[in-house]
Amino acid sequence: MSCAFRRPEAERGSVRVRTLSEVLPPPRQPLPHFDITLPPPDITRWADGNCGIAGVHHFEASQPGPHAVITALMHGNEYAGAWVLDTLLSRSVRPVRGRLSLIFLNLQAFARFDPERPTLSRFVEEDMNRLWCPELVRSGHTSLEMERVRAISPIIETADMLLDIHSMLWPAPPVLLSGLTTKSLAHAKALSAFQPGTPWVVQDAGHETGPRLIDHVHFASNRTRATACLLEAGQHWLPNSRLVAYTTACLFLQQAGVITPQPDLTVLPSPRLPRTATVTHCVQAHTARFTFIKPFCSGDIIPKKGTVLAIDGAEEIRTPYDNCLLVMPNLRPMRGHTAVRLGRPAEA
């Protein structure tokens, strides 16, 4: 997979001299004030878990069936999923067949959430969603997040179906992410088909800095039947993100066959044809001056190949093909971090 589609300041064969105003990037988009209209849930009563692992609640039915797992709080300031698990546990939702695990992941990062500084509790020592590698789990590497991954990995490695609930810093429509296997793509498409608005289903290979939970070999290998997808439910602190996350979680559990239909979802919309795309380019910020030319939104489709998206130092970032889908642009990326993923819609 190519990392970026970049056009340098001077191109071979070009005779046009660019002015200083063209070379300099536009002013960086200011970090906006985020209203916390969805407060964090009180999950104190669930923190101990029920199976000897903090934050893990595991239930088994008398009838055989799959092991369905829902995870939330991979990042401490993304708590729409924690609201979902709180609701399911408060309603005493139990599997009618198979097994059900509900997991609050990064409890320590969540405990540090401060509404006055809401972006600073993503993790404590390192991003937990770059650590899901069996070799790393067995290594001597250590951190608060790494130890938590080690504690939870035995449960993950027995999952048949997994839904990992996240949310986004920048306001955007929901999106479902899957790995590159056909089985996980089908899993995500099934969830998307019944969602209002039919969220995009995006296949990608993850991040160079380490595997996400959905990239764990247990789900990414075609030698297993286990599937996983990641829901980006919307902006972190909006009530609608909680609603999207809850709807998706109930659909996930019903499609897995481990629970009976929930009252909230007794009337489902007719299934729609999912919108799918595959990430072809992962654009990283190579300098601290990376700036988008305007505040793009996840889900935007840029019609023309070669359209300028951003300036990174003195380089231009352009769309590599027509009808290019922007996946979760980070309007204030740090150097070395992913700024945006570019996807080719299946319709194209």
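None of these values were measured; they are calculated from a predicted model.

> What is the right way to read the overall build of the protein from this model?
The helix and strand inventory of the protein stands at eight helices and 15 strands. Burial status across the protein gives 54% buried among its 348 residues. Taking the intrachain contacts of the protein between residues at least 6 apart in sequence as the baseline, contacts between residues at least 24 apart amount to 74%. For the protein, the accessible surface area stands at approximately 15700 Å², while carbon and sulfur atoms represent 55% of it.

> Sorry if this is basic, but what is going on with the nonpolar core here?
Generally speaking, nonpolar side chains in soluble globular proteins are found buried as a group. With 63 residues, the main nonpolar core has Ile70, Tyr79, Phe104 and Leu253 as its most contacted residues. Apart from residues no more than four positions distant in its own chain, Tyr79 is found in contact with Ile36, Leu38, Pro39, Pro40, Pro41, Leu73, Phe110, Phe113 and Trp237. In this structure, Met74, Ile155, Val175 and Phe219 belong to the second largest nonpolar core, which totals 30 residues.

> Is there a simple way to think about the side chain of His57 in this case?
Tracing the chain through its elements places His57 in strand S2 (residues 56-60). Residue His57 is classed as buried on the basis of its relative accessible area of 5%. One polar contact links the side chain of His57 to the main-chain carbonyl oxygen of Trp46, over a distance of 2.9 Å. Other than its neighbours up to four places away in sequence, His57 contacts Trp46, Gly49, Asn50, Leu89, Leu100, Ser101, Leu102 and Phe104.

> Please clarify how the layout of surface pockets should be interpreted in this entry.
One simple way to see leftover space: roll a probe sized like a water molecule over the atoms. By volume, the largest pocket amounts to about 1400 Å³. Around the largest pocket sit 46 residues that line it, and Arg122, Asp127, Asn330, His337 and Thr338 are the ones nearest its centre. Of the residues in the lining of the largest pocket, the class split is 20 nonpolar, 15 polar and eleven charged.

> Help me understand unusual backbone geometry in this model?
Glycine aside, negative phi is the norm for most residues, and most peptide bonds take the trans geometry. Of note in this structure, Ser92 is not a glycine but carries a positive phi near 55 degrees. Structurally, Ser92 can be placed in the loop between helix H2 (80-90) and strand S4 (99-104). The exposure class assigned to Ser92 is partly exposed, which follows from its relative accessible area of 45%. Positive phi is not limited to glycine here, since Thr198 has a value of about 50 degrees. In this structure, Thr198 sits in the loop between helix H6 (182-193) and strand S7 (200-203). Using a relative accessible area of 6% as the deciding quantity, one classes Thr198 as buried.

> Honestly, the packing of aromatic side chains in this entry has me stumped. Any pointers?
Geometry of an aromatic ring pair is reported as the spacing of the ring centres plus the angle between the planes. Within this structure, the stated rule accounts for seven aromatic pairs. Ring geometry for Phe34 against Trp170: centres 6.0 Å apart, planes inclined by 70 degrees, an arrangement best described as edge-to-face. Here Phe34 is found in the loop between helix H1 (20-23) and S2, whereas its partner Trp170 is found in the loop between strand S5 (161-168) and strand S6 (175-178), with 136 residues between them in sequence. Given a relative accessible area of 11%, Phe34 falls into the buried group. Where Phe292 meets Phe296, the ring centres are 6.1 Å apart and the plane angle is 75 degrees; that geometry is what we call edge-to-face. Among the residues examined, Phe292 registers a relative accessible area of 2% and is labelled buried. The ring of Phe59 is capped by Arg94, whose NZ or CZ atom sits 3.9 Å from the centre of that ring. The ring centre of Trp83 lies 4.7 Å from the NZ or CZ of Arg242, which sits over that ring.

> Sorry, what's going on with the packing of H6 against helix H8 (residues 239-256) here?
Any two packed helices are characterised by the angle at which their axes cross and by the distance between the axes. Their axes nearest at 10 Å, the elements H6 and H8 cross at an angle of 120 degrees. Classified by the angle their axes make, H6 and H8 are oblique. Seen along the crossing, H6 lies across H8 with a hand that is right-handed. For the pair H6 and H8, the contacting residues are His187, Ala190 and Leu191 in the first and Thr248, Leu251, Phe252 and Gln255 in the second. Within the contact of H6 with H8, the residues separate by chemical class into four nonpolar, three polar and no charged.

> What's the story with the side chain of His67 in this structure? I'm lost.
Mapping His67 onto the fold places it in strand S3 (residues 67-72). Look at His67 and you get buried, because its relative accessible area is 1%. At 2.7 Å, the side chain of His67 and the side chain of Ser101 are in polar contact. Contact partners of His67, with chain neighbours within four places excluded, come to His58, Arg99, Leu100, Ser101, Ile155, Thr158, Ala159, Asp160 and Met161.

> How do you make sense of the pairing of strand S12 (residues 308-312) when you look at a structure like this?
Consecutive residues of a regular strand have side chains that alternate between opposite faces of the sheet. Counting buried positions along S12 gives five out of five residues, so the element sits mostly inside the fold. Examined bridge by bridge, strand S10 (residues 291-292) and S12 share two bridges and lie antiparallel to one another. If you follow Phe292 over to S12, its bridge partner there is Ala310. Direction of pairing for S12 relative to strand S13 (residues 315-318): antiparallel, over a ladder of four bridges.

Calculation rules
- All residue numbers refer to positions counted from 1 along the written sequence of the respective chain.
- Totals for whole chains, interfaces and linings use every residue, but because this is a predicted model, local features are given only for residues with pLDDT of at least 70 and side-chain atom pairs only at 80 or more, for both listing and counting.
- As a rule here, side-chain values come from all non-hydrogen atoms in the structure, and water together with hydrogens is ignored.
- Numbering of helices and strands runs from the N terminus; a helix is a DSSP stretch of H or I covering at least four residues, while a strand is a stretch of E covering at least two.
- Whether a residue is buried, partly exposed or exposed follows from its accessible area with a 1.4 Å probe, protein chains only, as a fraction of its type maximum: under 20%, in between, or over 50%, in that order.
- We call two residues in contact whenever any of their non-hydrogen atoms come within 4.5 Å of each other.
- For the accessible areas, the method is Shrake-Rupley and the probe is 1.4 Å, while residue cover comes only from the protein chains on display.
- As used in this record, nonpolar core signifies buried Ala, Val, Leu, Ile, Met, Phe, Trp, Tyr and Cys residues forming a set joined through side-chain atoms within 4.5 Å.
- In the analysis that follows, any N or O atom pair within 3.5 Å is treated as a polar contact, provided that within protein one partner can donate a hydrogen and the other can accept it, and provided that, for residues neighboring in sequence, both atoms belong to side chains.
- A cavity here means a set of points on a 1 Å grid, drawn over the protein atoms and nothing else, where a 1.4 Å probe fits but cannot get out; a pocket is an open set with protein on both sides within 12 Å along at least five of seven lines, and a residue lines either one if it has an atom within 4 Å of a point.
- Grid points are joined across faces, edges and corners, and a volume is the space filled by probe spheres set on the points.
- For this classification, Asp, Glu, Lys and Arg are treated as charged, while Ala, Val, Leu, Ile, Met, Phe, Trp, Tyr, Cys and Pro are nonpolar and the rest, including Gly, are polar.
- Two rings from Phe, Tyr or Trp (for Trp, the six-membered ring) form a pair when their centres sit within 6.5 Å of each other. Planes less than 30 degrees apart are called stacked, planes more than 60 degrees apart edge-to-face, and all others tilted.
- We call a charge positioned above a ring when the Lys NZ or Arg CZ atom is no farther than 6 Å from the ring centre and deviates by at most 35 degrees from the ring normal.
- Note on geometry: axes are lines fitted to C-alpha atoms, helical ones only across the stretch in contact, with angles between N-to-C directions running from 0 to 180 degrees.
- In these notes the angle categories are as follows: under 35 degrees is roughly parallel, over 145 is roughly antiparallel, 65 to 115 is roughly perpendicular, and the rest is oblique.
- Helix crossings are classified by the rotation of the near helix relative to the far one: an anticlockwise turn of less than a right angle makes the crossing left-handed, while a clockwise turn makes it right-handed.
- Strands are labelled as partners when DSSP assigns at least two bridges between them.

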